[in-house]
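# An overview of the molecular structure
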Amino acid sequence: MTGTAADLIRAARGEIGYQEGNDDGDWNNIQKFSPAVPDLEWSQGQAWCATFVAWCARESGNESLFPVSASCAEGVSWFAERDRFTEYPVIGGQVFFGSGGGSHTGICIAYTGSTITTIEGNTNDDGSAEGDGVYLKTRDRTSNRVYGYGIPDFPEGVVLADPAWKGRPGAVYFAEEASESDLSAGPTTPSSPHESARDDSGDGGDDGGYEPFPGAEFFHPGQDSPVVTRMGERLVAEGCSAYAEGPGPQWSDADRESFRNWQHKLGDTGADADGIPGPKQWSALKVPRA
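What you are looking at is a predicted structure, and each value in this text was computed from that prediction instead of being measured.

## Thoughts on the pairing of strand β4 (residues 94-97)
Side chains Gln94 and Phe96 project from β4 onto one buried face, and the interleaved Val95 and Phe97 project onto a second face that is buried too. Between β4 and strand β5 (residues 104-111), which follow one another and run antiparallel, lie 6 residues, and Gly98 among them has a positive phi close to 90°. Taken together, the 4 bridges between β4 and strand β8 (residues 146-150) define a ladder with antiparallel strand orientation. Paired with Val95 across the bridge in β8 is Tyr149.

## Re the environment of Gly131
Residue position: Gly131 is located in the loop between β6 (115-123) and β7 (133-140). For the pair Gly131 and Glu120, spaced 11 residues apart in sequence, the C-alpha separation works out to 9.8 Å. Beyond its immediate stretch of four places on either side in the chain, Gly131 contacts Glu20, Asn122, Thr123 and Asn124.

## Here's the deal with helix α4 (residues 72-81)
For α4, the full list of buried residues reads Cys72, Gly75, Val76, Trp78 and Phe79. Considered in projection along α4, the buried side chains sweep an arc of 160° and stay on one side of the axis. If you follow the buried residues of α4, they end up packed against α3 (49-59), β3 (85-86), β4, β5 and β8. Between the side-chain oxygen of the N-cap and the backbone nitrogen of Ala73 there are 3.4 Å, and the N-cap of α4 in question is Ser71. Following α4 by one or two positions, Asp83 adopts a phi angle in the positive range, close to 55°.

## Structural notes on the side chain of Asp132
Along the chain, Asp132 falls in the loop between β6 and β7. Lacking a salt bridge, the buried Asp132 has Lys137 as its closest oppositely charged neighbour, with an N-O distance of 9.5 Å. Polar side-chain contacts of Asp132 include one of 3.1 Å to the side chain of Gln19. When neighbours within four sequence positions are excluded, Asp132 is seen to be in contact with Tyr18, Gln19, Glu20, Trp27, Trp48, Asn122, Thr123 and Asn124.

## Description of unusual backbone geometry
Trans is the common state for peptide bonds, and a negative phi is the common state for residues other than glycine. Note the cis peptide between Gly246 and Pro247, where omega equals 15°. Within the fold, Pro247 resides in the loop between α5 (226-237) and α6 (253-266). At Asp24, a position not held by glycine, the phi torsion is positive, near 55°. Looking at where Asp24 falls in the secondary structure, it is placed in the loop between β1 (22-23) and β2 (26-27). Asp24 gets classed as exposed once you look at its relative accessible area, which sits at 82%.

## Looking at the pattern of salt bridges
Taken as a whole, this structure holds 11 salt bridges when the rule is applied. Here Asp7 and Arg10 are joined by a salt bridge, their closest N and O atoms 2.7 Å apart. You can see Asp7 and its partner Arg10 sitting in helix α1 (residues 5-13), 3 residues apart, about one turn around the helix. You can call Asp7 partly exposed: its relative accessible area is 23%. With relative accessibility at 53%, the residue Arg10 sits in the exposed group. For Asp153, the salt bridge goes to Arg84, with nearest N and O atoms at 3.8 Å. One end of the pair, Asp153, is in the loop between β8 and β9 (158-160); the other, Arg84, is in the loop between α4 and β3, with 69 residues separating them in the sequence. The exposure class of Asp153 is partly exposed, given its relative accessible area of 48%. The exposure class assigned to Arg84 is buried, which follows from its relative accessible area of 16%. Through salt bridges with shared partners, one network takes in Arg234, Glu238 and Lys265.

## So, the packing of α5 against α6
Packing of α5 against α6 leaves a shortest axis separation of 10 Å and a crossing angle of 45°. Judged by the inter-axis angle, α5 sits oblique to α6. Two packed elements cross with a definite hand, and for α5 against α6 that hand is left-handed. Of the residues in α6, those in contact with Val228, Met231 and Leu235 of α5 are Asp255, Ser258, Phe259 and Trp262.

Definitions and limits used
Numbers given to residues run from 1 along each chain, matching the order in which its sequence is written. Local features in this predicted model are restricted to residues whose pLDDT is 70 or higher, and side-chain atom pairs enter the listing and the counts only when it is 80 or higher, whereas totals over whole chains, interfaces and linings include all residues. Neither water nor hydrogens contribute to the side-chain values; these are computed over all heavy atoms in the structure. Burial classes follow relative accessibility: with a 1.4 Å probe on protein chains only, a residue under 20% of its type's maximum area counts as buried, one over 50% as exposed, and anything between as partly exposed. Only DSSP runs of H or I reaching four residues or more are called helices, and only runs of E reaching two or more are called strands; each is numbered from the N terminus. Two strands pair if DSSP finds at least two bridges between them. The contact definition used throughout considers only heavy atoms, calling two residues in contact when any of these lie within 4.5 Å. Note that the arc is defined by the directions from the helix axis to the C-beta atoms. Identification of polar contacts relies on pairs of N or O atoms within 3.5 Å, with a donor-acceptor requirement for protein atoms, meaning one able to donate a hydrogen and the other able to accept it, and with residues adjacent in sequence counted only if both atoms are side-chain atoms. We score Asp and Glu as negative and Lys and Arg as positive, and we do not count His or the chain ends. Salt bridges are counted wherever a side-chain nitrogen of Lys or Arg sits within 4 Å of a carboxyl oxygen of Asp or Glu. The axes are straight lines fitted to the C-alpha atoms, using for helices just the contacting stretch, and the angles between their N-to-C directions are given from 0 to 180°. For classification purposes, an angle smaller than 35 degrees is called roughly parallel, one larger than 145 roughly antiparallel, one from 65 to 115 roughly perpendicular, and anything else oblique. Each crossing gets its handedness from the near helix: less than a right angle anticlockwise from the far helix is left-handed, clockwise is right-handed.

From the geometry alone we can't say anything about function, so treat these as descriptive.
This is the structure we're talking about:
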């Protein structure tokens, strides 16, 4: 079985609330993950944050995409050697903390411009690298304690905030905000509609049950179409609304501002963020057919 980023996050979420063993009031690092990961059985009783990530990878069918190691520092090296390490958040990526990334690790499941949301083993309510269980954490994205992120080579592609990856096949670039809801459901190709950079040279293709790109000329004052309403509803769902009321079928300044917000969410700027949809931006929005 080949897993996905969603499978990884699902496996990690299922362990939130799990706690290690306790001897007379003292947490003892005895947990279920070490014995379940081949080659890491020896790590029972040791700090287990990296072992937890390896367990989640194995449990979700992603074991070849993550280091099998109980060492955070070795994890950093594993991704760096494959040219898949970044200082920017990655959905489903392995996040590393501390000097050289060697102090603590977890899985990034969401980010905003100022925070990251993670699932971490061997931490606690205070966010310690020496904890007692598996926790859902929100941390400061800009903290110097966050060293960087491993970029797993998920078959469906990867969602991340690294501008150097913008336009790469299979990469979905969201500069300021993304979560597991932005993950693709299946493998991508070099012509994937999930590439976020605007491209006005093509028609964007037919995305199954989604509305095909109607052309930039469609979006003009006076346009009245249920396609505009469905586009607006998707923009609202993506948190990009600039509507005082609606959306409705008539193309308006509010539609343009809402789409500009979507362009910014994709990481587009300048002429690529003028509020007029381009084919790849449209495809990434996934406007449903009637």
